[in-house]
Amino acid sequence: LGVETGVDMTFVFGVAVIPARPVVPSVRQVYCLASRKSSLAGRAATFTAGVSQRKFFRSRKAADIQMSSLSGNVDKVVASDKSLLLIGGAGQLGSNVLTGFRQAGYAIFSVDRRESTEADATLVLRSGADWVEESKEAVELLDSNLHEAKFNAVINVAGGWAGGNIADPSIFEVCTSMWKVSVESSVFAGHVASKFLSENGLVVFTGSAAAVSGTPGMVGYGLSKAAVHQLVASLGSPSSGLPAGSCVVGIVPIVLDTPSNRAGDPSGNYDNWTPLSDVTNLLLSWTTDSKQRPASGSLVKIVTENKKTSFIPL
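Note that the structure is a prediction, hence the values are computed from the model and not measured.

## Points about helix 2 (residues 92–103)
Its twelve residues give helix 2 an end-to-end C-alpha distance of 17 Å, which sits within 8% of 16 Å, the value for a rise of 1.5 Å per residue. Among all positions of helix 2, only Gln 92, Leu 93, Gly 94, Val 97, Leu 98, Gly 100 and Phe 101 are buried. Those residues of helix 2 that are buried lie in contact with strand 5 (83–87), strand 6 (107–112), strand 8 (151–156), strand 11 (256–257), helix 6 (259–264) and helix 7 (276–288). One or two steps after helix 2, the chain reaches Gly 105, where phi turns positive at roughly 95°.

Here it is as structure tokens:
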């Protein structure tokens, strides 16, 4: 694809454009929110992503709307003095981050569209309803179960990718989809951080190196990632609403080396694609050692050339 393809093609707050793996509903639902009635019309739209044509649904039928659920050992997360709240923990990058932090002794609370079996606790978002309603219900569920819990870091690695220039007939659907997966998940992560991040904690969002400049061949994607960059700058400023001493950083990779990205570009130069472990190690170093962190409100470009990865503050 030649661009940063959204970190992972499984994401929260939207419909996956290129799913990393099938979405399998969890059979464990310990705490459930009250269901609600809705009448969303299922209407498909098509667009061109790279060299192949994809489909996504603009909305979902009422029968598809399910309840958010919380499962796992929440008490362990609440009691831990080393904990991570991970948005997108069931995806490819999210799973790698989760494994790395668990090996370092962190308790992990994952938020995603499907359960993460490796996380200590998981909030599965499957309502499919309006984002405002869904997000407020999810926050209420966290409030009632996390209580006074404080996380060392809140990291959002949810994402997705879609192409198309401004003349594309599906530009409106594409922009809506990209906004959902990148901006809505990031706003949710930021708000949750305002409630559950510890003082001097870390907040990380996922932007894109491509969106630092114009993206004429992927307008919706560029718009959404540029908005994430702006959110990083805003939350890294005084009076942002985050706890005292918070550090907010945006990572802006070029291309991450994931199975789904390789499937989308089988002839790519993988020596110049960033291994997921490099990103995980970077996030872990920022979380465990505040002296390693860049300035709050900054973006850090992740560049891999000939299998060597460097991190460049922008």
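## Observations regarding the packing of helix 3 (residues 131–146) against helix 4 (residues 171–196)
In contact at an axis separation of 11 Å, helix 3 and helix 4 are set at 30° when each is read in the N-to-C sense. By the criterion of interaxial angle, the relationship of helix 3 to helix 4 is roughly parallel. Of the two possible hands of crossing, helix 3 and helix 4 adopt the one that is right-handed. Where helix 3 approaches helix 4, its residues Trp 131, Ser 135, Ala 138, Val 139, Leu 142, Asp 143 and Leu 146 are matched on the opposing element by Glu 184, Val 187, Phe 188, His 191, Val 192, Lys 195 and Phe 196. Classifying every residue of the contact of helix 3 with helix 4 gives nine nonpolar, two polar and three charged.

## Notes on the pairing of strand 6
Remember that side chains alternate between the two faces of the sheet whenever the strand is regular. In terms of burial, strand 6 is a largely internal element, six of the six residues being buried. Burial of strand 6 is two-sided: the residues Ala 107, Phe 109 and Val 111 facing one way and the residues Ile 108, Ser 110 and Asp 112 facing the other way are all buried. Two strands pair when backbone bridges link them, and strand 6 and strand 7 (residues 121–124) are joined in this way by four bridges, in the parallel orientation. Note on strand 7: the bridge partner recorded for Ser 110 is Thr 122.

## Focus on the environment of Thr 117
Its location among the elements puts Thr 117 in the loop between strand 6 and strand 7. Separated by 22 residues in sequence, Thr 117 and Ser 95 place their C-alpha atoms 9.6 Å apart.

## Points about the packing of aromatic side chains
Under the defined criterion, the tally for this structure stands at three aromatic pairs. For the pair Phe 101 and Tyr 106, a centre-to-centre distance of 5.2 Å together with 70° between the ring planes defines the contact as edge-to-face. For the pair Phe 101 and Tyr 106, one class covers both residues: buried. Ring geometry for Phe 109 against Phe 151: centres 6.4 Å apart, planes inclined by 75°, an arrangement best described as edge-to-face. Residue Phe 109 is located in strand 6, and its partner Phe 151 is located in strand 8; the two are separated by 42 residues in the primary sequence. Across the ring face of Tyr 270, the terminal group of Arg 262 is positioned such that the distance to the ring centre comes to 3.8 Å.

## Regarding the pattern of salt bridges
Throughout the structure, instances matching the rule amount to five salt bridges. Its salt-bridge partner being Arg 102, residue Asp 120 comes within 3.8 Å of it at the nearest N-O pair. Taken together, the residues span a long stretch of sequence, with Asp 120 in the loop between strand 6 and strand 7 and Arg 102 in helix 2 at a distance of 18 residues. Exposure remark for Asp 120: the relative accessible area of 9% places this residue in the buried category. Residue Arg 262 pairs with Asp 257 through a salt bridge whose shortest N-O separation is 2.6 Å. Within the structure, one salt-bridge network assembled from shared partners comprises Lys 76, Arg 102 and Asp 120.

What counts as what
Residues numbered from 1 in each chain as written. Predicted model: local features only at pLDDT ≥ 70, side-chain atom pairs only at ≥ 80, totals over all residues. Heavy atoms only, no water. Helix = DSSP H or I, 4+ residues; strand = E, 2+ residues; numbered from the N terminus. Expected span 1.5 Å × (residues − 1). Buried < 20%, exposed > 50% of the residue type's maximum accessible area, 1.4 Å probe, protein only. Contact = heavy atoms within 4.5 Å. Axes fitted to C-alpha atoms, helices over the stretch in contact; angles between N-to-C directions. Parallel < 35°, antiparallel > 145°, perpendicular 65-115°, else oblique. Left-handed = near helix turned anticlockwise from the far one by under 90°. Nonpolar A, V, L, I, M, F, W, Y, C, P; charged D, E, K, R; others polar. Pairing = 2+ DSSP bridges. Phe/Tyr/Trp six-rings, centres within 6.5 Å; stacked < 30°, edge-to-face > 60°. Lys NZ or Arg CZ within 6 Å of the ring centre and 35° of its normal. Salt bridge = Lys/Arg side-chain N within 4 Å of Asp/Glu carboxyl O.

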